[in-house]
Amino acid sequence: MPGRPGVLVLMGSGETSPTMVEVHRSVVRRLGGGARAVLLDTPYAFQENAAGISARARGYFARSVGLEVEGSDEVAGADWVFSGPGSPTFALERWTTTHVAGDLRARLRAREGATVLASAAACTAGVATVPVYEIYKVGAAPHWRPGLDLLGVLGLTVALIPHYDNTEGGTHDTRYCYLGERRLTRMEAELPPGAAVLGIDEHTALVVDLNTEEARVAGRGRVTIRRPGSQAVLPAGTSTNLEEIRRLARGETTGNGASPPVLSPAPRQVSLAETTRSCEERFASALAGHDAADAVRAVLDLESEVARWGADTEEDEGGVEHARESLRLLITKLGARPNSPYPGDLVASLVESVLALRGELRRQGRYDLADALRAALLRGGVLVADTPDGPRWTSTGGDRPPLSGLLGPGS
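This is a predicted model, so every value here is computed, not measured.

A. Representation of the overall build of the chain in the model. Looking only at helices and strands, the chain features 14 helices and 17 strands. Here the chain holds 411 residues, and 54% of them are scored as buried. Considering only contacts in the chain between residues 6 or more positions apart, those separated by 24 or more positions represent 67%. Carbon and sulfur atoms make up 51% of the accessible area of the chain, which totals about 17100 Å².

Pasting the structure below:
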C-alpha cells in the first residue's frame, strides 16, 4: 500500500446507486491500476440474504466503477476498503473484538489507501454510534453506543449520523437516521463532552483527502455539523478542509470568521422515486394528449432506470420494488388503451409501439414484463400471436372495425 494516496469517504446512503458512481470513480482514479479492493460485509452478515447483497455490490463496482472487489475482513493490506448497509451495533460488536477496528484506525493514521464507509458502517466511525435497529425497530430507549472513533484519529470528536434527511416516515419524523428531532435532542445531551453531531444526508458523501486535508461535499444533499442550539450546513459542491470542520465541530467560527467557502452547487442527483414520479406524470400527459409514442418512451425510460438502480443495496425512498410496480401499472394501462374510442390509426400506432416495447424487453431477457404486456394487450382487446415472421396482432374489441398488423421478427 505504500505510495497510495489516502482518502476517506463517508456516505449517508446510496453507496451502490447511480448517484454515487462518480464519487467512487474519482476515488479509484486516485489509486491507479492494480488496486486490491475489499468488501467488508460485517454490517449485514447476519442477514439471510447477505450473499445476495454482496453479489449485487460486487456487480455494481465491477460494472459501474470498473473495480473488481473481493470479500474479506483482511483490510490491513488493501488499497481500497468498502463497508456499507446493515446494523451498526452488529458491526461494532464484531469489529471491536477482532483486529478490524484497529486495522481501520491504522489506515487513517497512516493516511494511506481509500476507506469508504457508508450508511451503517459510517455510523460506527464516530466517538458514539446510534443503535438504530434497537431504538427504531425494537423500541429501546434512546441511547448511544461507543463508536470506533475513527474520526478521532483526524481530530474530530463527533457522532456521525447517516440518513440525516430521511423522510421515509411520511407522517412521523424519521430524520437523523430514524431518530427524529425529539430523540436526537435528548441524546445530544448525553454525548461525550465537546462532541458534536456530523450529519450526512442520503445520496451524499463527504470526501476527505487525508494527505492535503482538503474536503468536499458531493452528491445531492448536505453535510451538517450540529451542536446544541446551532448548526453549520455544507451543501453539495462545498469545498473546505478538515481544520474548518474541526473548528465548526468545536463550535467556533472558521479561520477567517466566515462560513466555509462554497463552490457552484454540483448538479443535483435525482433519486429513483423522483424519476418514477416523473415518468408517471409524462405517461399520464402523453395518454391525455393521445401521444402513444411519448407514452411508450416514458415506460422505456422507467424500465431503464429500474435496471440502473437494480444493484442498489438499499431500496430507500420507495425503492426499486415500488418502481417495478409502477412500471407494471403503466404497461397495463398501455394495453388497455385500444378499447378507448380513438381513431383506428391511433390504435394501430399505440399497439405497434407497445409491441416494439415488448420486443425490446424480450431482447433484454425481461420475459416477465414482456408477458405482462401481452396479457395487458389481451385485456384491452388486442390478441397477439407470435409467428415466424414476427408478432401478428388483431383488435377484437368494441364497436370499431377489426384492425390488424404485423411487426418484424424479434418484436
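B. Seen up close, the packing of aromatic side chains. Following the criterion strictly, the structure yields 8 aromatic pairs and no others. Aromatic side chains Phe 46 and Tyr 133 sit 6.2 Å apart centroid to centroid with 85 degrees between the ring planes, which places their arrangement in the edge-to-face category. Here Phe 46, found in the loop between strand 2 (37-39) and helix 2 (50-65), pairs with Tyr 133, found in helix 6 (residues 132-137); they are 87 residues apart in sequence, far enough to count as distant. Taken together, a centroid distance of 5.0 Å and an interplanar angle of 35 degrees make the contact between Tyr 136 and Tyr 178 tilted. On the criterion of sequence distance, the pair formed by Tyr 136 in helix 6 and Tyr 178 in helix 7 (residues 175-178) is long-range, its members being 42 residues apart. Residue classification places Tyr 178 among the buried positions, given a relative accessible area of 14%. Each residue in the set Tyr 60, Phe 61, Trp 80 and Phe 82 is aromatic and connected to the rest through ring pairs, giving one cluster. When the ring centre of Phe 90 is taken as reference, the NZ or CZ atom of Arg 94 above it lies at 3.5 Å. It is Arg 226 that lies over the ring of Tyr 176; its NZ or CZ is 5.3 Å from the centre.

C. Quick peek at helix 4 (residues 100-110). Turning to helix 4, its buried residues are Val 100, Ala 101, Asp 103, Leu 104, Arg 107 and Leu 108. Taken together, the buried residues of helix 4 touch strand 1 (6-11), strand 4 (80-83), helix 3 (88-95) and strand 5 (113-118). Looking one or two residues beyond helix 4, the residue adopting positive phi is Arg 111, at roughly 55 degrees.

D. How the structure looks around the packing of helix 1 (residues 21-31) against helix 2. Relative to each other, helix 1 and helix 2 sit at 75 degrees, their axes nearing to 10 Å. The orientation of helix 1 relative to helix 2 falls into the category roughly perpendicular. Counting all contacts with helix 1, which are made through Val 21, His 24, Arg 25 and Val 28, the residues of helix 2 involved are Tyr 60, Phe 61, Ser 64 and Val 65. Of the residues belonging to the contact of helix 1 with helix 2, the class tally is 5 nonpolar, 2 polar and 1 charged.

E. Geometry of the pattern of salt bridges. The tally for this structure, following the rule as stated, stands at 22 salt bridges. A salt bridge links Asp 294 to Arg 297; the nearest nitrogen and oxygen atoms lie 3.3 Å apart. Taken as a pair, Asp 294 and Arg 297 lie in helix 11 (residues 292-308) at a separation of 3 residues, close to a single helical turn. When its relative accessible area of 42% is taken as the criterion, Arg 297 is described as partly exposed. Between Asp 368 and Arg 328 there is a salt bridge, with its nearest N and O atoms 3.4 Å apart. Here the residue Asp 368 occupies a position in helix 14 (residues 367-379), and Arg 328 occupies one in helix 12 (residues 319-336), the gap between them amounting to 40 residues. Classification of Asp 368 by relative accessible area gives partly exposed; the value is 43%.

F. Local environment of unusual backbone geometry. Residues other than glycine seldom take positive phi values, yet Tyr 176 does so here, at roughly 60 degrees. Structurally, the position occupied by Tyr 176 is in helix 7. Tyr 176 sits in the buried class, given a relative accessible area of 6%. With a phi close to 65 degrees, Glu 213 is a non-glycine residue in the positive phi region. Turning to its location among the elements, Glu 213 is positioned in the loop between strand 10 (204-209) and strand 11 (214-219).

G. Quick look at the nonpolar core. In this structure, Leu 8, Leu 10, Trp 95, Leu 151, Leu 198, Leu 206 and Ile 225 are the most contacted members of the largest nonpolar core, which totals 41 residues. In contact with Trp 95, other than residues within four places in its own chain, are Leu 40, Thr 42, Pro 43, Ser 83, Val 100, Ala 101, Leu 104, Ala 121, Thr 124 and Leu 148. Residues Ala 292, Val 296, Leu 327 and Val 351 belong to the second largest nonpolar core, which totals 33 residues.

H. Main features of the side chain of Thr 238. One can find Thr 238 in the loop between strand 13 (230-235) and strand 14 (239-241). Side-chain polar atoms of Thr 238 contact the backbone oxygen of Pro 235, separated by 2.7 Å.

Criteria and cut-off values
- Residues numbered from 1 in each chain as written.
- Predicted model: local features only at pLDDT ≥ 70, side-chain atom pairs only at ≥ 80, totals over all residues.
- Heavy atoms only, no water.
- Helix = DSSP H or I, 4+ residues; strand = E, 2+ residues; numbered from the N terminus.
- Buried < 20%, exposed > 50% of the residue type's maximum accessible area, 1.4 Å probe, protein only.
- Contact = heavy atoms within 4.5 Å.
- Areas by Shrake-Rupley, 256 points an atom, 1.4 Å probe, with all protein chains shown as cover.
- Phe/Tyr/Trp six-rings, centres within 6.5 Å; stacked < 30°, edge-to-face > 60°.
- Lys NZ or Arg CZ within 6 Å of the ring centre and 35° of its normal.
- Axes fitted to C-alpha atoms, helices over the stretch in contact; angles between N-to-C directions.
- Parallel < 35°, antiparallel > 145°, perpendicular 65-115°, else oblique.
- Nonpolar A, V, L, I, M, F, W, Y, C, P; charged D, E, K, R; others polar.
- Salt bridge = Lys/Arg side-chain N within 4 Å of Asp/Glu carboxyl O.
- Core = buried A, V, L, I, M, F, W, Y, C linked by side-chain atoms within 4.5 Å.
- Polar contact = N/O pair within 3.5 Å; in protein donor to acceptor, adjacent residues only side chain to side chain.

Keep in mind that these numbers describe shape and distance, not what the molecule does.
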